[in-house]
Amino acid sequence: MELLTTINGFLLNENLGLWAHVFTAGVILTLGFLGAPLWLWTVTLGLIFIGFSVPLSFLTFFVVVAVLFNIWPLRQYLVTLPIMRLFQKLGLMPQISATERTALEAGVVWMESELFSGHPDLKKMLHQPVATLSQEEQSFLDHEVEELCSMINDWELHKTKQLPVEVFDYIKKKGFLGLIISKEYGGLGFSPAANSAIVQKISSRSIGAVIYVMVPNSLGPAELLTHYGTQAQKDRYLPRLARGEEIPCFGLTEPTAGSDAASILSDGILFKGADGVLYVKLNWRKRWITLASISTLIGLAFRLRDPENLLGKGTDVGITCALIPSHLPGVKIGKRHDPLGIPFHNCPTEGVDVIIKAEEDIIGGVAGAGQGWQMLMECLGAGRGISLPAQAAGGTKLCTRVASSHATVRKQFGLSIGKFEGVEEPLARIAGYTYWTEALRRYVLSALNQHISPPVVTAIAKYTTTEAARKVVNDTMDILGGAGISMGPRNIIASMYIGTPISITVEGANILTRTLMIFGQGALRAHPFAFKEVNAIEKNDLKSFDRAFWGHMGHILRNTFRALILSFTRGYLALSPVGGTTKRAWQKLAWCSASFAILTDIAMGLLGGQLKVKEKLTGRFADILSWMFIGSSVLKRWEDEGRPAQDLPLVKYSMSLAFHNIQEAFDGIYTNLDMPVIGWIFRGPIRWWSRVNMLAAQPRDRLTHAVAQRVLADQEVRDRLTLGIFLPTHSGEALARLEKAYTTAKRAESVDKKIRDAVKAKKIRKKKGSAVIEDAYQANIISREEYELILNAEKLRLDAIQVDEFFEKEYLPGLSSQMHKPAVKPFLTGDWVQPAS
Ligand SMILES: Cc1cc2nc3c(=O)[nH]c(=O)nc-3n(C[C@H](O)[C@H](O)[C@H](O)COP(=O)(O)OP(=O)(O)OC[C@H]3O[C@@H](n4cnc5c(N)ncnc54)[C@H](O)[C@@H]3O)c2cc1C
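Per chain, residues are indexed from 1 in the order of the written sequence. Side-chain atom pairs in this predicted model are given and counted only at pLDDT of 80 or more, local residue features only at pLDDT of at least 70, and totals for whole chains, interfaces and linings cover all residues. For side-chain calculations, the full set of non-hydrogen atoms in the structure is used, while hydrogens and water are omitted.

K.L.:
A description of the side chain of Q391 should follow, citing residues and the corresponding values.
P.N.:
Every helix listed is a DSSP run of H or I at least four residues long, and every strand listed is a run of E at least two residues long, numbered separately from the N terminus. Examined against the element boundaries, Q391 turns out to sit in helix α18 (residues 381-409). A 1.4 Å probe rolled over the protein chains alone gives each residue an accessible area, and that area as a share of the maximum for its type sets the label: buried under 20%, exposed over 50%, partly exposed in between. By relative accessible area, which is 8% here, Q391 ends up buried. In this view, Q391 contacts V199, S203, I207, V210, I211, M214 and S503; residues no more than four positions away in its chain are not counted. Every residue pair with non-hydrogen atoms within 4.5 Å of one another is taken to be in contact.

Rendered as structure tokens:
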């Protein structure tokens, strides 16, 4: 009573006047910002109302509402039940098909759920363990992988379209096909981090050759058997796969089932043989199956039917995965697709009345029948989180190396082209994208190395890194000019340029990955309450719905307060896990997360199930989530590496880009929420405020200059940025040649400057080519040593900018085999598997 009188006296104290109201507002804002529980809101509001002596009728109403909401059995039956019924009647929740549900339930959520929460635990995000390599893995990378890379000749591969037998033998002999198979079965049992590092290095050597290592260690027979195979299947196949005695492939895609993979028509009919054993008669038509033409073991996805209900699972058992030995009668393999001329085996396959044993050949035995879709969804992380980001990181690093050395070595208008601002711009983009692609690759590996496979995170990794690689290789081509266009052994990036669309398309084509998977799945899976609400509604579970629905309301309330307060204070009130230079970036991430969370709820509330088909909106939501995730990985990378000061421009560039892209995506959503009144509010005042109070503009020219300078001039930064790729040392290799020209040119820069200064000071006359060097030496402006250095630099420079040329008979395909005889016996051709008659 005394407390109430004191509060009353304080709030109604005339001397305090406005301050009492300010104090009250402060208390409410603090509760909202911190997400206070319902009981604390009730007590605080009660005290405020009493303090302000509100009328008794209002106070009574407040008490009734407070009792109703705080005593949960009352709330459940009197408030939640009618709401739940209304939701069910109006169909306000999105309808989820069985295949979508399996995809949603596969895998787990990880750090993306922090960003979805609106109140991310940034410390937790920062302190996720760094994925490191064991000594054995590092040694493999330094020896076997190096050796393999030096055996591969990408140009030869391009010309002959065949991987030499000795290279593939080495791949098999050294266990490259069994990286993910445990040691127990004769594999190398490597971690996801090692798998990724290996793919990255080989990718930087040859985008075609890496497929032979990547695919067997991605989603396919080995991965599926490891997780779901019966003991007999593991014993039978895993050792043979590890030794390379079986060559695997995996067939899911069909002419009418690409992105919509669950709509496959390939089918299997279950029947009991005269011997009492269960068999499956399979018919399939698959296309674009990598390694199928040399495979001995086809992992096949098909729809299993059981007309006699022998399994007791109904007549349509569902998508099932099985292992089909390629030599079985009825298996047809032989022709090849030509994936943009990148030389790897990829072909259609057909099966006509192929008979397999259900228990022996269905993955997981008969218990695994109908579980195929779930298996595939759970194992997608391998390709999306490991192989493709690793390939992209290898490619972007190679581009950084090539573009920076070329921009130094290549001179036009008397200057290295890297000195021109126009060239600096794409160069900075190449370096910046390379930095964040690697940061993201490593962050995702942190999850995978902990045996966490979050599908939304791996989808973000697949989509953003392959898009980064596409941008980076285009920029590199621009910087190389004609040198990028002339094919030949001196052209290091042409294969990557040509083959980039392949990684964009496979493992879930990028448009779909962005618009459906990242946000579509994320909004339901990573949102703290949405999926629980949908499930509760479907199961008619009042108790769960009550918990999820009111939890969601509290979540919305807290995020509204957080979003508003962080927006008006530009994130300054958010707690950063670190101090110093990057503190503001962490705070801005917290601000973005709050705005993203509340906007997600608004969009879900306004559009309901319709949001799923509004892909232009979901794509923008996906961009915000992706760039927040990329930003977190960049900040984490910098901390993990011990905050190297020289890398700061790269960090700032990446964060500036991330915030700019987030800003663009927010604005796009505000402009396109097309609905009466609310649409106007978003297009008008909210968008106006968003532009006035921008997160960040594009990276500034000063910053792009600093980034370009780092990658052009700071060998340490350049090495760190491109760590993990294959750097050939043989002097005949194009990259080695370019590197040598680059390092020598760098060493000779001071000599070059001496000569230019002497010309400016009119000590010697301006002349072209080596004549001016000669004069400088004669005039004692440079020493003998400097004279030799700069002459050598010029010689190497001239050599490095040469491009390949071919005689007509070399160039024309009919004659080329004469001139480009493979150095070793060609690899098996595609038609060695006998087509069944
Ligand atoms: C070189 C290569 C190797 C391959 N290897 C294998 C393999 O080993 N095994 C295997 O099973 N498959 C493999 N594939 C198939 C690959 O997975 C498919 O190409 C991929 O799933 C996309 O299918 P699609 O090409 O039929 O494109 P489509 O499904 O026709 O899609 C075309 C475009 O439409 C977009 N799109 C489709 N639906 C939607 C939607 N709902 N919302 C938004 N956008 C949408 C897609 O993103 C894409 O951009 C390979 C393909 C290639 C080219």
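Structure's up, so let's keep going.
K.L.:
Just give me the short version of the site of the ligand, but keep the residues and values in it.
P.N.:
Near, as used in this document, describes a residue that has one of its heavy atoms within 4 Å of the molecule or strand being considered. Taken together, 22 residues lie around the ligand, and F250, L252, T253, S259 and W288 are the ones closest in. Between an oxygen atom of the ligand and a side-chain N or O atom of S259, the distance comes to 2.6 Å. In protein, a polar contact means a hydrogen-donor-capable atom and an acceptor-capable atom, both N or O and within 3.5 Å, with residues adjacent in sequence counting only if both atoms are side-chain atoms; elsewhere, any N or O pair within 3.5 Å suffices. Here a nitrogen atom of the ligand sits 2.8 Å away from a polar atom, N or O, in the main chain of W288. The accessible surface values rely on the Shrake-Rupley method and a 1.4 Å probe; as for residues, cover is taken only from the protein chains in view. Here the ligand has 970 Å² of accessible area as a free molecule, and 69% of this is covered by the chains. Put simply, the parts of the chain that give the shell around the ligand at least two residues each are β1 (248-251), β3 (278-290), α22 (494-505) and α23 (510-525). Top element by residues in the shell around the ligand is α23. It accounts for four residues. When residues are sorted by character, Ala, Val, Leu, Ile, Met, Phe, Trp, Tyr, Cys and Pro go into the nonpolar class, Asp, Glu, Lys and Arg into the charged class, and all the rest, Gly among them, into the polar class. Looking at the shell around the ligand residue by residue, the classes come out as twelve nonpolar, eight polar and two charged.

K.L.:
Explain the packing of aromatic side chains to me, using residue names and the numbers behind them.
P.N.:
To pair, rings of Phe, Tyr and Trp, with the six-membered ring standing in for Trp, must have centres within 6.5 Å; the planes then decide the type, stacked if under 30 degrees apart, edge-to-face if over 60, and tilted in the middle. Counting across every chain of the model gives 29 aromatic pairs. Note on W110 and Y443: the rings are 5.1 Å apart at their centroids and 55° apart in plane angle, and the pair reads as tilted. Pair noted here: W110 is in the loop between α6 (98-105) and α7 (112-117) and Y443 is in helix α19 (residues 421-449), with a separation of 333 residues, a long-range link. Across this residue pair, the class does not change: W110 and Y443 are buried. Where Y170 meets F176, the ring centres are 6.3 Å apart and the plane angle is 40°; that geometry is what we call tilted. You'll find Y170 and F176 in the same group, each marked buried. Site record: aromatic cluster; members linked through ring pairs are F69, F87, F545, F549 and W550. Any Lys NZ or Arg CZ found within 6 Å of a ring centre and within 35 degrees of that ring's normal is scored as a charge over the ring. Here the basic side chain of K159 rests over the ring of F806, its NZ or CZ set 5.8 Å away from the ring centre. A cation over a ring is seen here: R287 above W288, with NZ or CZ 4.1 Å from the ring centre.

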